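# Structural characterization, general
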Amino acid sequence: MGRTLDDWMTEAAAELGIDLPVDTKELLDLARVVAHSVARPAAPLTAFLVGYATAAGGGGAATVTEAAERITALAQRWAAESDE
């Protein structure tokens, strides 16, 4: 049918009543780093935490970015500590 990931995000957001432009690449990068640095099952759970933190912080794309950057850095620290 030719639908894309962006189409999915748009429809899912509409279904949930969310009007928030999201940087899909940023979220996928977060999930990738967490999956490889912590554990694969941590990726969707971490995405949930980032969403929850965003909502608790007042919402908005900037809040998503800030939370994603903080958690990506944490996952990278976890990986570095594991390598030591």
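Please refer to the structure placed before this passage.
Described in the following lines is the structure provided in the data block. In this text the structure is predicted, and so the values were computed from the model without any measurement. (Residues numbered from 1 in each chain as written. Predicted model: local features only at pLDDT ≥ 70, side-chain atom pairs only at ≥ 80, totals over all residues. Heavy atoms only, no water.)

### Observations concerning the layout of surface pockets
Size it by volume and the largest pocket reaches roughly 820 Å³. Within the residue set of the lining of the largest pocket, elements represented by two or more residues are helix 1 (5–15), helix 2 (24–37) and helix 3 (42–56). Take the lining of the largest pocket: its biggest share by element is eight residues, from helix 1. Broken down by class, the residue content of the lining of the largest pocket amounts to 21 nonpolar, six polar and two charged. (1 Å grid on protein atoms, 1.4 Å probe; cavity = no way out; pocket = protein on both sides within 12 Å on 5 of 7 lines; lining within 4 Å. Points joined across faces, edges and corners; volume = space filled by probe spheres on them. Helix = DSSP H or I, 4+ residues; strand = E, 2+ residues; numbered from the N terminus. Nonpolar A, V, L, I, M, F, W, Y, C, P; charged D, E, K, R; others polar.)

### Considerations on the packing of helix 2 against helix 3
One way to put it is that helix 2 packs onto helix 3 with a least axis distance of 8 Å and a crossing angle of 135 degrees. Judged on the interaxial angle alone, helix 3 and helix 2 are oblique. Every pair of crossing elements has a handedness; the one defined by helix 2 and helix 3 is right-handed. Where helix 2 abuts helix 3, its residues Leu 30, Ala 31, Val 34 and Ala 35 lie against Ala 42, Ala 43, Thr 46 and Val 50. (Axes fitted to C-alpha atoms, helices over the stretch in contact; angles between N-to-C directions. Parallel < 35°, antiparallel > 145°, perpendicular 65-115°, else oblique. Left-handed = near helix turned anticlockwise from the far one by under 90°. Contact = heavy atoms within 4.5 Å.)

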